[in-house]
Amino acid sequence: MMALIDRLLEKRARSAAQHASRRGLLKTLGGALVGASAVPLLPVARADGHGGPAHPQEQGSDTDCDYWRYCAIDGFLCSCCGGSANTCPPGTEMSPVTWIGTCHNPADNRNYVISYNDCCGKPSCGACLCQRDEGDRPPYRPDKTNDINWCLGTSSASYHCSTAVVVGVAFEE
Amino acid sequence: MLRKSLLLAVLVGICGQVAAAEPPPPLPVEPTGVIETLPDRYPAEWFLVHDAAFFHMSDGKVYVIDTSKDTVGEQVQGMFPVNLMGSYLQVPSRGEIMSVETFHTRGTRGDRFDVLTIWDNANLAVVAEVQLPGSKRFMGMPQRVALRTMNNDRWLAIFNLSPSTSVTLVDLETRSIVNEIPTPGCSFVYGNGDMTFSSVCADGRMLTVVLDENGAEQSRGFSDVFFDSDDTPIFERPAQVGDMAYFPAFDGRVQPVAMGASAAMPMASWSLIGEGEESWAPSGIGLDGEDDLGRIYFLMNPEANGVDGMHNAGGAEIWVYDPEARRRVLRIPLQEWGLSFAVGRGEEPKVLVTNPVDMSVELYDGLTGDFIRKITGFGQETPLMIMSAQ
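(A) Region of the structure containing the overall build of chain A. A count of helices and strands for chain A gives 2 helices and 8 strands. Secondary structure elements of chain A, listed N to C terminal, follow the sequence α-α-β-β-β-β-β-β-β-β. The buried share among the 173 residues of chain A stands at 59%. Taking the intrachain contacts of chain A between residues at least 6 apart in sequence as the baseline, contacts between residues at least 24 apart amount to 75%. Carbon and sulfur atoms make up 52% of the accessible area of chain A, which amounts to about 6,400 Å² in all.

(B) Seen up close, the overall build of chain B. Along chain B, the regular secondary structure elements total 2 helices and 30 strands. Overall size of chain B, expressed as C-alpha extent along the three principal axes, is 110 × 55 × 35 Å. A buried classification covers 55% of the 390 residues belonging to chain B. At a minimum sequence separation of 6, the contacts of chain B that also span at least 24 residues come to 46%. Total accessible area computed for chain B in this model is approximately 15,900 Å², and 53% of it derives from carbon and sulfur atoms. Between the centroid of the 28 positive side chains of chain B and the centroid of its 52 negative side chains there is a distance of 5 Å.

(C) Expanded view of the sheet that holds strand β12 (residues 186–191) of chain B. Residue and element names in this part refer to chain B. The sheet built from 4 strands is open, its strands ordered β12-β13-β14-β15 with antiparallel pairing. Both edges of this open sheet fall to β12 and β15 (217–222), since each of them pairs with a single strand only. Strand-to-strand twist in this sheet, taken as the mean axis angle between neighbours without regard to direction, amounts to 25 degrees. Bridge analysis of strand β13 (residues 196–201) against strand β14 (residues 206–211) gives 5 bridges, and the strand direction is antiparallel. The residue bridging S199 from the neighbouring strand is L207, located in β14.

(D) A look at the interface of chain A and chain B. The interface of chain A with chain B comprises 49 residues on the first partner and 54 residues on the second. For the pair chain A and chain B, the two sides together bury roughly 3,900 Å², of which 64% comes from carbon and sulfur. Along the contact surface separating chain A from chain B lie 3 salt bridges. Across the salt bridge formed by D147(A) and R237(B), the nearest N and O atoms sit 3.3 Å from each other. Inspection of the chain A/chain B interface yields 17 residue pairs in polar contact (both at pLDDT 80 or more). If you list the elements that add at least two residues to the side of chain A that touches chain B, you get α1 (2–15) and β6 (129–131) of chain A.

(E) Representation of the pattern of salt bridges. Residues and elements named next belong to chain B. Enumeration over the complete set of coordinates arrives at 26 salt bridges over all chains. In this structure, the salt-bridge partner of E180 is K136, at a minimum N-O distance of 3.0 Å. Of the two residues, E180 sits in strand β11 (residues 176–182) while K136 sits in the loop between β7 (126–132) and β8 (147–150), which places them 44 residues apart along the sequence. Overall, E180 belongs to the partly exposed group, its relative accessible area being 33%.

(F) Looking closely at the sheet that holds strand β2 (residues 93–94) of chain A. On the basis of which strands lie adjacent, the open sheet formed by 3 strands has the order β2-β5-β7 (chain A) and antiparallel pairing. Edge positions in the sheet fall to β2 and β7 (159–162) of chain A, since each has one partner strand and no second.

(G) Highlighting the layout of surface pockets. All names here are of chain B. There is about 1,200 Å³ of room inside the largest pocket. Together, 43 residues line the largest pocket, and L89, R144, Q240, E290 and Q390 are the ones closest to its centre. Residue assignment for the lining of the largest pocket shows that the elements contributing at least two residues are β4 (87–91), β8, β12, β16 (239–241), β22 (288–290), β26 (340–343) and β30 (383–388). Broken down by class, the residue content of the lining of the largest pocket amounts to 19 nonpolar, 13 polar and 11 charged.

(H) Fine view of the packing of aromatic side chains. Scanning the model with the defined rule gives 24 aromatic pairs over all chains in all. Relative to F247(B), the ring of Y190(B) lies with its centre 5.3 Å away and its plane at 75 degrees, an arrangement referred to as edge-to-face. Of this pair, Y190(B) sits in strand β12 while F247(B) sits in strand β17 (residues 244–248), and the two are 57 residues apart along the sequence. We classify Y190(B) as buried; its relative accessible area is 2%. Each member of the aromatic cluster is reached from another via a ring pair, and the members are Y67(A), W68(A), Y70(A) and Y112(A). Directly above the ring of F222(B) sits R205(B), whose terminal nitrogen or CZ lies 4.1 Å from the centroid.

(I) Focus on the state of the cysteines. Residues and elements named next belong to chain A. For the structure shown, the criterion picks out 8 disulfides over all chains. With its sulfur 2.0 Å from that of its partner, C81 forms a disulfide with C125. Between C81 and C125 the disulfide shows an S-S torsion of about -95 degrees. By sign, it is left-handed. Of this pair, C81 sits in the loop between β1 (74–76) and β2 while C125 sits in the loop between β5 (118–120) and β6, placing them 44 residues apart in sequence. Here C125 falls in the partly exposed class, since its relative accessible area comes to 22%. Residue pairing for C88: its cysteine sulfur links by disulfide to C119, the two sulfurs lying 1.9 Å apart. Looking down the S-S bond of the C88 and C119 bridge, the torsion is -85 degrees, so its handedness is left-handed. Taken together, the positions of C88 in the loop between β1 and β2 and C119 in strand β5 put the pair 31 residues apart, joining distant regions of the chain.

(J) Broad picture of the nonpolar core. Residues Y116(A) and M206(B) are the most contacted members of the largest nonpolar core, which totals 40 residues. Secondary-structure elements contributing two or more residues to this core are β4 (110–115) of chain A together with β9 (155–161), β12 and β17 of chain B.

(K) The arrangement of the side chain of E236(B) in detail. Relative to the helices and strands, E236(B) is located in the loop between β15 and β16. Since its relative accessible area comes to 0%, E236(B) is described here as buried. A distance of 2.9 Å separates polar atoms of two side chains, one belonging to E236(B) and the other to R237(B). With residues up to four places along the chain from it excluded, the contact list for E236(B) reads P138(A), P139(A), Y140(A), Q143(B), V145(B), F188(B), Y190(B) and F247(B).

(L) Fine view of the side chain of N117(A). Residues and elements named next belong to chain A. Here N117 lies in the loop between β4 and β5. On the accessibility criterion, N117 (0% relative accessible area) is buried. At a separation of 2.5 Å, a polar atom in the side chain of N117 contacts the side chain of S115.

Rules and cut-offs
Residues numbered from 1 in each chain as written. Chains lettered and ligands numbered in written order. Predicted model: local features only at pLDDT ≥ 70, side-chain atom pairs only at ≥ 80, totals over all residues. Heavy atoms only, no water. Helix = DSSP H or I, 4+ residues; strand = E, 2+ residues; numbered from the N terminus. Buried < 20%, exposed > 50% of the residue type's maximum accessible area, 1.4 Å probe, protein only. Contact = heavy atoms within 4.5 Å. Areas by Shrake-Rupley, 256 points an atom, 1.4 Å probe, with all protein chains shown as cover. Lys, Arg positive; Asp, Glu negative; His and termini not counted. Charge placed at Lys NZ, Arg CZ, Asp CG, Glu CD. Pairing = 2+ DSSP bridges. Axes fitted to C-alpha atoms, helices over the stretch in contact; angles between N-to-C directions. Buried area = accessible area lost by both parts, 1.4 Å probe. Salt bridge = Lys/Arg side-chain N within 4 Å of Asp/Glu carboxyl O. Polar contact = N/O pair within 3.5 Å; in protein donor to acceptor, adjacent residues only side chain to side chain. 1 Å grid on protein atoms, 1.4 Å probe; cavity = no way out; pocket = protein on both sides within 12 Å on 5 of 7 lines; lining within 4 Å. Points joined across faces, edges and corners; volume = space filled by probe spheres on them. Nonpolar A, V, L, I, M, F, W, Y, C, P; charged D, E, K, R; others polar. Phe/Tyr/Trp six-rings, centres within 6.5 Å; stacked < 30°, edge-to-face > 60°. Lys NZ or Arg CZ within 6 Å of the ring centre and 35° of its normal. Disulfide = S-S within 2.5 Å. Core = buried A, V, L, I, M, F, W, Y, C linked by side-chain atoms within 4.5 Å.

So far we have only geometry, and geometry alone does not tell us how the molecule works.
Listed below in structure tokens is the structure:
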């Protein structure tokens, strides 16, 4: 595990130099998603209906922490756990509520709303731990926090890994 | 005569050697079944190190560590589990530790049970359980503000997030649920008088709820808006001196909130950073603390100010302040990096810091800032939160 953390730290330093501390860390946790009364169930419903392969107008690998969709993620990447950026591994359960982030896709220069649905019901995947936290807020903003275990509304509270599902193009401010 | 004396001396010497070569008496038979105990009140040098077991969350645990010792055998005093990203609170007046945790009947599947497990300080043994309703207790990164006692330590207030928010009140005498108080839009439980609690709200206000002697809500009120959770967020974890809670902000300010009144009252904020320090900001998980001298501590990151996504990365130094004078009194440069820390009790406080580079914990002198020792190899993997033992 220490080697994994070391790699995580080094990767973050290299790939997100402007954002990541060299020793920045494993904060982590839990999973993410949000829900909250303010934003909530729309992203969820869309996520449930999703699940296809990655869109062709994307660049990079969904097993890399610096993949564009993971800008606000904090957890184990489902792409390294038998799932993908938008699907859960076999035998797990996708959380029906989630938190959302807004990430920029450099391939088409658009901002997208990303729903970070957790996959639940099995022990921690343990692979590809990724923490980026862009736009993350403390848990008093549940719609924008990745600090809580978002295996809520699932039959099991056991967190396994996190997805990053595109649920729409973000509105321009 | 001389020859006889020499001969006698040689014989005595030989006999002495023979006697010395005889084995010592056998070890006495030892009793089995002996279990160690701890003092009711833990010494100031002891800390509680919460290993949330991020890579296997059903194995969360809290180590009781004596930081004054040099070897693992002397440092580790005991341990208790906190299952599935649980929360805990030591209540010294009761000699007990409150632990809120979650179990499934088949490990990671099956029926779910949320329970308050009550351990006694001296035996680290379970003395009671209270089943909590509704699969709603807060479950996430370890927090110091998810639990607190009220009503002269008779009640335990438990923060829920499902993601709707509320506070469950448990009677620690009868070991039963007293009430559940909804706190829509507001989170955590902050001390604010014995029959009152406050919560921080997404809209930038503080909620204060006053309870009656039966645990029923008597009144509630809100402060004015004092921060913007999008643009000028505060951390939810304050350092606390007396009735004043000092919330660090992402942008390097500290926001005092008076908790001694019937309603939480935000005061004027002030900056933790000075000229030439504009890139510094608070960052980390357990990123602040306070000591018995009335000083407050913040974990500071040299490159986090104004950088999105850096607020949980931890920091390179701990800065100590006199909050009355609004003046920094000490900088503690860390050996490598810090993610969480806690400050011990007493007039000569020690600071125990999680070093995320090797997941050890490191002890510093809170008066001089000197590094004292690294503590590791006690079974910890992800010691994400530390509390001073009580």
